[in-house]
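Given next are the chains, with one letter for each unit.
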Amino acid sequence: MNLLVEILEETTGKDGRRILKVAKENLVELMKELKAQGFVHLSLITGVDRKDRLEVVYHLHNLDRNEYVAVKTETLDERVPSIASIYSSANWDEREQYDLMGIVFEGHPNLKRLFLPENWVGHPLRKNYDLSKVQYINMDEDGEDYATFDPGDGW
């Protein structure tokens, strides 16, 4: 696989799949290159909280060659570029990672929470999420969800 984008690190996973690490500034260009090389299926985007940084992992599949590749990038400021314009399936995965991990996908066409109300405080899959503070999901008369807080929890 010839790539024009600078790869920071290339390793192989336990299952034999290639893992490419790229700077977030080069992510969009790499994804365009990989799609042009036949990796047309984005099966999953995952976020990993490494305490000092967030890692985003993209799982791609070349259906013609039955070949898989994982692409990793990191962010110190919780921001990475959106790839929803390249892979339409990224739309929902990016929203899920935004909602649960707090990763902001810059350029996403509709970046809002997917599972929790917009006024929910925090991102439940982050290591710094405060489980001691109670939040409740309620529904107003129009059927819209909203979060309320237990005043005894120091909100």
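Structure shown above.
Description of the structure in this document.

Rules of the game
- Residues numbered from 1 in each chain as written.
- Predicted model: local features only at pLDDT ≥ 70, side-chain atom pairs only at ≥ 80, totals over all residues.
- Heavy atoms only, no water.
- Helix = DSSP H or I, 4+ residues; strand = E, 2+ residues; numbered from the N terminus.
- Buried < 20%, exposed > 50% of the residue type's maximum accessible area, 1.4 Å probe, protein only.
- Contact = heavy atoms within 4.5 Å.
- Pairing = 2+ DSSP bridges.
- Phe/Tyr/Trp six-rings, centres within 6.5 Å; stacked < 30°, edge-to-face > 60°.
- Lys NZ or Arg CZ within 6 Å of the ring centre and 35° of its normal.
- Core = buried A, V, L, I, M, F, W, Y, C linked by side-chain atoms within 4.5 Å.
- Patch = residues over 30% accessible without salt bridge, like charges linked within 9 Å, V, L, I, M, F, W, Y side chains within 5 Å.
- Areas by Shrake-Rupley, 256 points an atom, 1.4 Å probe, with all protein chains shown as cover.
- Salt bridge = Lys/Arg side-chain N within 4 Å of Asp/Glu carboxyl O.
- Lys, Arg positive; Asp, Glu negative; His and termini not counted.
- Charge placed at Lys NZ, Arg CZ, Asp CG, Glu CD.

### Here's the deal with the side chain of Asp 99
Stage number 1. Position of Asp 99 among the secondary structure elements: in helix 2 (residues 90–101).
Stage number 2. Since its relative accessible area comes to 0%, Asp 99 is described here as buried.
Stage number 3. Ignoring any residue separated from it by four or fewer positions in sequence, one finds Asp 99 in contact with Arg 113, Leu 114, Phe 115, Leu 116, Gly 122, His 123 and Pro 124.

### Section: the pairing of strand 1 (residues 9–12)
Stage number 1. As defined by bridge partners, strand 1 adjoins strand 2 (residues 18–21) across four bridges and the pair is classed as antiparallel. Paired with Glu 10 across the two strands is Leu 20, which belongs to strand 2.
Stage number 2. Counting the residues that bridge the hairpin from strand 1 to strand 2 gives five residues, and of these Gly 16 lies at a positive phi of roughly 90°.

### A few points about the environment of Asp 150
Stage number 1. As for its placement among the helices and strands, Asp 150 is situated in the segment after strand 9 (145–149).
Stage number 2. When the C-alpha positions of Asp 150 and His 108 are compared, they lie 33 Å apart, and in sequence the two are 42 residues distant.

### Remarks on the packing of aromatic side chains
Stage number 1. Evaluation of the coordinates by the stated rule reveals zero aromatic pairs.
Stage number 2. Between the NZ or CZ atom of Lys 35 and the centre of the ring of Tyr 87, over which it lies, the distance is 5.1 Å.
Stage number 3. Here Arg 95 stacks its cationic end above the ring of Trp 92, 5.1 Å away from the centre of that ring.

### Points about the nonpolar core
Stage number 1. Counting residues in each nonpolar core, the largest one holds 25 residues, and the members touching the most others are Met 31, Tyr 58, Leu 60, Val 71, Ile 83 and Tyr 87.
Stage number 2. Mapped by element, the contributors of at least two residues to this core are helix 1 (27–36), strand 3 (41–49), strand 4 (54–62), strand 5 (67–75) and helix 2.
Stage number 3. Other than its neighbours up to four places away in sequence, Leu 60 contacts Met 31, Leu 34, Phe 39, His 41, Leu 42, Glu 67, Tyr 68, Val 69, Val 71 and Tyr 87.
Stage number 4. In terms of nonpolar packing, the next biggest core, distinct from the first, is built from five residues, Leu 100, Leu 116, Trp 120 and Ala 147 among them.

### Some words on a negative patch on the surface
Stage number 1. Taken together, the side chains of Asp 140, Glu 141, Asp 142, Glu 144 and Asp 145 make up a negatively charged region of the molecular surface.
Stage number 2. As for its placement among the helices and strands, Asp 145 is situated in strand 9.

### Looking at the pairing of strand 4
Stage number 1. Counting buried positions over the nine residues of strand 4 gives nine, a clear majority of the element.
Stage number 2. What you see with strand 4 is no split at all: Leu 54, Val 56, Tyr 58, Leu 60 and Asn 62 on one side and Glu 55, Val 57, His 59 and His 61 on the other are buried throughout.
Stage number 3. Hairpin remark: strand 3 followed by strand 4, antiparallel, with four residues in the connecting loop; positive phi at Lys 51, about 70°.
Stage number 4. Direction of pairing for strand 4 relative to strand 5: antiparallel, over a ladder of nine bridges. In the sheet register, Val 56 faces strand 5, and the bridge partner there is Thr 73.

### Some points on unusual backbone geometry
Stage number 1. For Asn 66, which is not glycine, the phi dihedral falls at a positive 50°.
Stage number 2. By the secondary structure assignment, Asn 66 is in the loop between strand 4 and strand 5.
Stage number 3. Positive phi is not limited to glycine here, since Glu 78 has a value of about 70°.
Stage number 4. Turning to its location among the elements, Glu 78 is positioned in the loop between strand 5 and strand 6 (79–81).
Stage number 5. Owing to a relative accessible area of 32%, Glu 78 belongs among the partly exposed residues under this scheme.

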